[in-house]
Amino acid sequence: MDYYIAPSLLSADFGRLAEEIRAIEEAGADLLHVDVMDGRFVPNITIGPFVVEAIRKCATIPLDVHLMIVEPERYIDAFSGAGADIITVHPEATPHLQRAVARVRELGRKAGVALNPGTSLSAVEWVLQDVDMVLIMSVNPGFGGQAFLPASLAKIELLRSQIRRAKLDVDIQVDGGIKADNVGEVAAAGANVIVSGSGVFGTPDYKETIGRMKRNIRSAVGLKA
Ligand code: DX5
Ligand code: ZN
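Residues numbered from 1 in each chain as written. Chains lettered and ligands numbered in written order. Predicted model: local features only at pLDDT ≥ 70, side-chain atom pairs only at ≥ 80, totals over all residues. Heavy atoms only, no water.

Peer 1: Please set out the packing of aromatic side chains residue by residue, giving values where relevant.
Peer 2: Tallying each qualifying case throughout the model produces one aromatic pair. When the centroid spacing of 5.2 Å and the interplanar angle of 75° are considered together, the rings of Phe201 and Tyr206 count as edge-to-face. Each of the two residues, Phe201 as well as Tyr206, counts as buried. (Phe/Tyr/Trp six-rings, centres within 6.5 Å; stacked < 30°, edge-to-face > 60°. Buried < 20%, exposed > 50% of the residue type's maximum accessible area, 1.4 Å probe, protein only.)

Peer 1: Report on the site of ligand 1, specifying residues and quantitative values.
Peer 2: Around ligand 1, the surrounding shell holds 20 residues, and the nearest of these are Ser8, Gly142, Asp175, Gly197 and Ser198. Interatomic distance of 2.7 Å between a side-chain N/O atom of Ser8 and an oxygen atom of ligand 1. Calculation on ligand 1 without its partners gives an accessible area of 390 Å², and the protein chains cover 100% of this total. When atom positions are compared with the pocket grids, ligand 1 is found to occupy the largest cavity. When contributions to the shell around ligand 1 are tallied by element, the ones reaching two or more residues are strand S2 (32–37), strand S3 (63–68) and strand S8 (193–196). For the shell around ligand 1, the residue count by class is seven nonpolar, eleven polar and two charged. (Near = heavy atom within 4 Å. Polar contact = N/O pair within 3.5 Å; in protein donor to acceptor, adjacent residues only side chain to side chain. Areas by Shrake-Rupley, 256 points an atom, 1.4 Å probe, with all protein chains shown as cover. 1 Å grid on protein atoms, 1.4 Å probe; cavity = no way out; pocket = protein on both sides within 12 Å on 5 of 7 lines; lining within 4 Å. Sits in = over half its atoms within 2 Å of the grid points. Helix = DSSP H or I, 4+ residues; strand = E, 2+ residues; numbered from the N terminus. Nonpolar A, V, L, I, M, F, W, Y, C, P; charged D, E, K, R; others polar.)

Peer 1: Lay out the packing of helix H1 (residues 17–26) against helix H8 (residues 206–221) in plain terms, naming residues and giving numbers.
Peer 2: Running from N to C, H1 and H8 point in directions that differ by 40°, and their axes come no closer than 8 Å. The pairing of H1 with H8 is recorded here as oblique in orientation. Considering only the axes of H1 and H8, their crossing is right-handed. Here Glu20, Ala23, Ile24 and Glu26 of H1 come into contact with H8, specifically with Tyr206, Lys207 and Ile210. When its residues are assigned to classes, the contact of H1 with H8 shows four nonpolar, no polar and three charged. (Axes fitted to C-alpha atoms, helices over the stretch in contact; angles between N-to-C directions. Parallel < 35°, antiparallel > 145°, perpendicular 65-115°, else oblique. Left-handed = near helix turned anticlockwise from the far one by under 90°. Contact = heavy atoms within 4.5 Å.)

Peer 1: I'd like to hear about the sheet that holds strand S6 (residues 133–137), residue by residue, with values.
Peer 2: Across the sheet, which stays open at both edges, the eight strands sit in the order S1-S8-S7-S6-S5-S4-S3-S2 with parallel pairing between neighbours. Looking along the sheet, the strands with just one partner apiece sit at the ends: strand S1 (4–7) and S2. For this sheet, the mean angle separating the axes of adjacent strands, direction not counted, is 25°. Where S6 meets strand S7 (residues 171–175), five bridges bridge the pair, whose relative direction is parallel. Considered in S7, the bridge of Met133 is made with Asp171. The strands touched by helix H4 (residues 97–106) are strand S4 (86–89) and strand S5 (110–115); relative to S5, the strand with the most contacts, the crossing angle is about 150°. (Pairing = 2+ DSSP bridges.)

Peer 1: Run through the pairing of S8, naming residues and quoting values.
Peer 2: By the alternation rule, side chains of S8 split into Val193 and Val195 and Ile194 and Ser196, which are all buried. Looking at chain direction, S1 and S8 are connected through four bridges and run parallel. Each residue of the ladder has a partner; that of Ile5, found in S8, is Ile194. Relative to S8, S7 runs parallel, the two sharing three bridges. Note on S8: the bridge partner recorded for Val174 is Ile194. Note on the crossover from S7 through helix H6 (residues 183–189) to S8: the handedness is right-handed. (Right-handed = clockwise from strand over helix to strand, strands pointing away.)

Structure representation (structure tokens):
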């Protein structure tokens, strides 16, 4: 299995976004996680397609856009047009999940589905063959810097076994409260796309942090260093 580190820009310095993107890419980030919040689905408001387009111009790695907005289907085309490579929607935010993820794929983008901590895995059961990634939220979405919810580990394990049983090639992403010191646990549980905001941008040396995360993942899943 391939493992990816996806730093969340939410914890970057927005006054120096281009510099931060350059630094995180040089530090070994595999994807750039971009959190879109609407003040309705979650209490916070962040950025829209216009800023994603500006980020696209600075970034060379894929943009992993996490939509925490109600009725995400209304904005999928706009985010795809802005240059998102992966577009993830929440089933709690739309009555038409299958239509939403099918549209993402129709546009040639990778489709993800994100589950809040209180949402059961059954919410993705009937779209598992229509998605490239399932995001297990390990905090309630809305803010960076919250504490990791330990119940997420069993959820990741169960989802990984369901994906294996179905013989599907679906990534499991985990988002919220991940730092270098607990990244091994989530990888051992079966997650392979690791989002970290404050766990990377809140540290002085991004390269050292990402390097440590990758080493901790390798030793937790038993890969050679
Ligand atoms: C939370 C966002 C996360 C957030 C993670 O709603 O979806 O991507 O930036 O931040 P940390 O890693 O600091 O918990
Ligand atoms: Zn996120």
